[in-house]
Amino acid sequence: MASRTRAATYARRRKRRMARVEHDLTDEQWFALLEAWGGCAYCGGDGAALQKDCMLPISRGGRYTVANVVPACGSCNASKCNTEVTTWLRRKKRDDGAFLLRQAEIARSLAVG
Ligand SMILES: [Zn+2]
């Protein structure tokens, strides 16, 4: 009985936490991301309309947060689709290590402020 109550409490807390981070990315943060990357995070292209791409797709539990969103051109976004980012980068024969390093630096600098 006690464990069931605890489980329910954890589930409630988790739900609250998820709700809080769901739309965490503000317009300000998005513009800062655009400026930091200076173009598409994947190919460097500066297409007219860069889109918010979730590195970990929403369908796989990703959320719109500074740590998870990067600007992507329409072509990269469409190609990546619901693929997890490193899997996709390797498939495209791009340097996923360099990408993740840069992404972590940008996310950290934005989080600090
Ligand atoms: Zn691109």
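Data block above holds the structure.
Residues numbered from 1 in each chain as written. Predicted model: local features only at pLDDT ≥ 70, side-chain atom pairs only at ≥ 80, totals over all residues. Heavy atoms only, no water.

**Q** Pulling in residues and values, what's your account of unusual backbone geometry?
**A** Of note in this structure, Cys81 is not a glycine but carries a positive phi near 50°. Examined against the element boundaries, Cys81 turns out to sit in the loop between helix H3 (74-80) and helix H4 (85-91). Classification of Cys81 as partly exposed rests on a relative accessible area of 48%. (Helix = DSSP H or I, 4+ residues; strand = E, 2+ residues; numbered from the N terminus. Buried < 20%, exposed > 50% of the residue type's maximum accessible area, 1.4 Å probe, protein only.)

**Q** Let's hear about the packing of aromatic side chains: which residues, and what values?
**A** Within the structure shown, the criterion is met by 3 aromatic pairs. A ring pair is formed by Tyr42 and Trp88, whose centres lie 5.0 Å apart and whose planes are at 70°; its orientation type is edge-to-face. Linking Tyr42 in the loop between helix H2 (27-37) and strand S1 (51-54) with Trp88 in helix H4, this pair joins segments that are 46 residues apart in sequence. Note on accessibility: Tyr42 and Trp88 belong to one class, buried. (Phe/Tyr/Trp six-rings, centres within 6.5 Å; stacked < 30°, edge-to-face > 60°.)

**Q** How would you summarise the coordination of the zinc ion if you had to cite specific residues and measurements?
**A** Where a metal carries four tetrahedral donors, each ideal angle is 109.5 degrees; where it carries six octahedral donors, the ideal angles are 90 or 180 degrees. Bound to the zinc ion are the protein donor atoms Cys40 (SG), Cys43 (SG), Cys73 (SG) and Cys76 (SG), situated 2.3 Å from the metal. One can describe the site at the zinc ion as tetrahedral: its 4 donor atoms subtend angles covering 106 to 113° at the metal. For the zinc ion, all donor residues lie on one chain, and their spacing in sequence is C-x2-C-x29-C-x2-C. Per residue, the accessibility class of Cys73 equals that of Cys76, and both read buried. (Donors = N, O, S within 2.8 Å, 3.2 Å for Na, K, Ca; no water. Tetrahedral: all angles 85-135°; square planar, octahedral: opposite > 155°, others 65-115°.)

**Q** Could you give an account of helix H5 (residues 96-112), naming the residues involved and the relevant values?
**A** If you check H5, its first and last C-alpha atoms are 24 Å apart, about what 17 residues at 1.5 Å a residue would give, namely 24 Å. Residues Asp96, Phe99, Gln103, Ile106 and Ala107 constitute the buried set of H5. Along H5, the residues classed as buried sweep out an arc of 100° about the axis, all on the same side. Away from the buried face of H5 by more than 90 degrees, exposed residues Leu101, Arg108 and Val112 are located. Structurally, H5 contributes buried residues whose contacts are with H2, strand S2 (69-72) and H4. (Expected span 1.5 Å × (residues − 1). Arc of directions from axis to C-beta. Contact = heavy atoms within 4.5 Å.)

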